[in-house]
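What the coordinates show
Given next are the chains, with one letter for each unit.
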Amino acid sequence: MLDYASLDALAAVLRGGSFDHAAKMLGVTPSAISQRIKALEERHGCALVIRGTPCTGTDIGKRLARHAEDVGLLEAELSQDIFPNAATPKTVRIAVNADSLATWFVDALAPVEGLMFDLEIDDQDTAGDWLKRGEVAAAVSSHAGPIAGCDSFALGAQRYRATASPDFAAKHFQQGITAHSLSAAPAMIYSAKDQLQDTWVERHIGRKLALPHHRLPSTQAFLDGAIVGLGWGLNPEHSFQAAQAKGQLCELIPDTPLDIDLYWHVSRAVKTPLRGLTASVRKAARAALVQS
């Protein structure tokens, strides 16, 4: 039998990043948290927590913590059914890409009651990997195929536009958008995983290019960087349209959107307690994303 008090301590340590924070979350002493983790590690014969700042989990530790969170969600659902006035909100971990979080995903979270959200930000191409590793209960991802143990729902497409400030475009693209001009003009990327600019270039130039680039790991900084002329990059259409109306941004090649299909993947183990969240995510996506 699993010791769920110790598993709760493990989940709290990994969620909060320290034994002290976990102790505050659970209303016990840091010593009690340490004892529970030590006993759990001795029982399973392996390390579960990598001590550091912050504390992180080993692969097995992450899986056990996720199991504890799943059980917590199922218990919360049962408690809500039996004692609706005494139910305690439970935390659900979700992987989501930054652009979804910045443009529509918060609208999906707001109406959902009885849950606390712990979001992991990753590129849309790899957000689903968090589910494959068993570290989250649900994810927004561009992964179209099924993920083992999960139900998947098509959400629609996030539409992007290749954008730059008018002054930047006039300076760097006087002779048009060509392989030569793109190889010289600074681009922007969100992270090393960000393939949006490369995909757009390959689609409209016909081949891959080595793009000089700035890395700006912030959706707002990415938009601001385009507006002030730091570089060019793919911004969500909604953000681009607002800046375009103010004369701050222009599209590099008119009417050349890049649509990225998004999907909601949710673990079948907790799909029932998360059915309200799933419904809210799908509703918000219908309103915000491009529907085929």
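Relevant structure appears above.
Report on the accompanying structure. In this text, all values refer to a predicted model and were calculated from it rather than measured experimentally. (Residues numbered from 1 in each chain as written. Predicted model: local features only at pLDDT ≥ 70, side-chain atom pairs only at ≥ 80, totals over all residues. Heavy atoms only, no water.)

Structural notes on the pairing of strand 5 (residues 138–141)
Note the following rule: When a residue's accessible area, from a 1.4 Å probe over protein chains only, is under 20% of the maximum for its type it is buried; when over 50% it is exposed; and in between it is partly exposed. Only runs of H or I of at least four residues qualify as helices and only runs of E of at least two qualify as strands under DSSP, and these elements are numbered from the N terminus. Between any two strands, pairing holds if DSSP finds at least two bridges.
Side chains Ala138 and Val140 project from strand 5 onto one buried face, and the interleaved Ala139 and Ser141 project onto a second face that is buried too. Note that strand 5 and strand 11 (residues 258–267) share 4 bridges and pair antiparallel. Note on strand 11: the bridge partner recorded for Val140 is Trp264.

A closer look at helix 3 (residues 30–44)
To keep things clear, this is the line we draw: Each helix should span, by expectation, one fewer than its residue count multiplied by 1.5 Å. Throughout, the arc means the angular range of directions from the helix axis out to the C-beta atoms. Every residue pair with non-hydrogen atoms within 4.5 Å of one another is taken to be in contact.
With 15 residues, helix 3 extends 21 Å from end C-alpha to end C-alpha; this agrees with the ideal 21 Å at 1.5 Å per step. Within helix 3 the residues assigned to the buried category are Ala32, Ile33, Ile37, Leu40 and Glu41. One side of helix 3 carries all its buried residues, which in axial view fall inside an arc of 165°. In helix 3, the exposed residues that point more than 90 degrees away from the buried face are Gln35, Glu42 and Arg43. Contacts made by the buried residues of helix 3 are with helix 1 (4–16), helix 2 (19–26) and strand 1 (49–50). The positive-phi residue at the C-terminal boundary of helix 3 is Gly45, with phi of around 70°.

A closer look at the environment of Gly114
Inspection of the secondary structure assignment puts Gly114 in the loop between helix 5 (98–109) and strand 4 (115–121). Judged by its relative accessible area of 43%, Gly114 falls in the partly exposed class. C-alpha separation for the pair Gly114 and His238, spaced 124 residues apart in sequence, amounts to 30 Å. With sequence-adjacent residues up to four places away left out, Gly114 is seen in contact with Pro89 and Lys90.

Considering the environment of Ala68
Tracing the chain through its elements places Ala68 in helix 4 (residues 59–82). Its relative accessible area of 5% is what places Ala68 among the buried residues. Measuring from C-alpha to C-alpha, the distance between Ala68 and Ser6 comes to 9.3 Å, with 62 residues separating the pair along the chain. Here Ala68 is in contact with Leu7, Asp8 and Ala11, once residues within four sequence places are set aside.

Observations concerning the nonpolar core
To keep things clear, this is the line we draw: Nonpolar cores were defined as sets of buried Ala, Val, Leu, Ile, Met, Phe, Trp, Tyr and Cys residues, with membership established by side-chain atoms within 4.5 Å.
Membership of the largest hydrophobic core comes to 45 residues, with the highest contact counts inside it found for Trp104, Trp232 and Trp264. Counting 18 residues, the second-largest nonpolar core is a separate cluster that includes Ala22, Ala23, Leu40 and Val49.

Regarding the packing of helix 2 against helix 3
For any two helices packed against each other, one specifies the inter-axial angle together with the distance between the axes. Put simply, the rule reads: To obtain each axis, a line is fitted to C-alpha atoms, and for helices this fit is confined to the stretch in contact; angles are then taken between N-to-C directions over 0 to 180 degrees. Angles below 35 degrees are treated as roughly parallel, those above 145 as roughly antiparallel, those between 65 and 115 as roughly perpendicular, and all remaining angles as oblique. Following the grouping adopted for this structure description, the nonpolar residues are Ala, Val, Leu, Ile, Met, Phe, Trp, Tyr, Cys and Pro, the charged ones are Asp, Glu, Lys and Arg, and the polar ones are all others, Gly among them.
Interaxial distance between helix 2 and helix 3 falls to 8 Å at its minimum, and their mutual angle equals 105°. Put simply, helix 2 runs roughly perpendicular to helix 3. Listed contacts from helix 3 to Phe19, Asp20, Ala22, Ala23 and Leu26 of helix 2 are Pro30, Ile33, Ser34, Arg36 and Ile37. Each residue belonging to the contact of helix 2 with helix 3 can be placed in one class, and the counts come to 7 nonpolar, 1 polar and 2 charged.

Some remarks on unusual backbone geometry
Look at the link from Thr53 to Pro54: it is a cis peptide, with omega at 5°. Residue placement: Pro54 occurs in the loop between strand 1 and strand 2 (56–57). One non-glycine residue, Asp255, lies in positive phi territory at about 55°. When you line up the elements, Asp255 lands in the loop between strand 10 (250–251) and strand 11. Its relative accessible area of 68% is what places Asp255 among the exposed residues.

Concerning the packing of aromatic side chains
What counts is decided by this rule: Note on aromatic contacts: the rings of Phe and Tyr and the six-membered ring of Trp form a pair at centre separations within 6.5 Å, being stacked when their planes are under 30 degrees apart, edge-to-face when over 60 apart, and tilted otherwise.
Counted by the stated rule, this structure contains 4 aromatic pairs. Here Trp104 and Phe105 contribute two aromatic rings whose centre-to-centre distance is 5.6 Å and whose plane-to-plane angle is 85°, an arrangement assigned as edge-to-face. With relative accessibility at 1%, the residue Trp104 sits in the buried group. Measuring from centroid to centroid gives 6.2 Å for Phe105 and Trp264, while their planes differ by 40°, and the two rings are tilted. Here Phe105, found in helix 5, pairs with Trp264, found in strand 11; they are 159 residues apart in sequence, far enough to count as distant. Taken individually, Phe105 and Trp264 each receive the classification buried, so the pair is uniform in this respect.

Digging into the packing of helix 1 against helix 3
The test is simple: Handedness of a crossing follows from how the near helix is turned relative to the far one, being left-handed for an anticlockwise turn of less than a right angle and right-handed for a clockwise one.
As a packed pair, helix 1 and helix 3 sit with axes 9 Å apart at the nearest point and diverge in direction by 110°. Between helix 1 and helix 3, the crossing angle belongs to the class labelled roughly perpendicular. Classified by chirality, the crossing of helix 3 by helix 1 is left-handed. Residues Ala5, Ser6, Leu7, Ala9, Leu10 and Val13 of helix 1 touch helix 3, and the partners they reach there are Ile33, Arg36, Ile37 and Leu40. Its residues placed into classes, the contact of helix 1 with helix 3 shows 8 nonpolar, 1 polar and 1 charged.

That is the geometry; function is a separate question.
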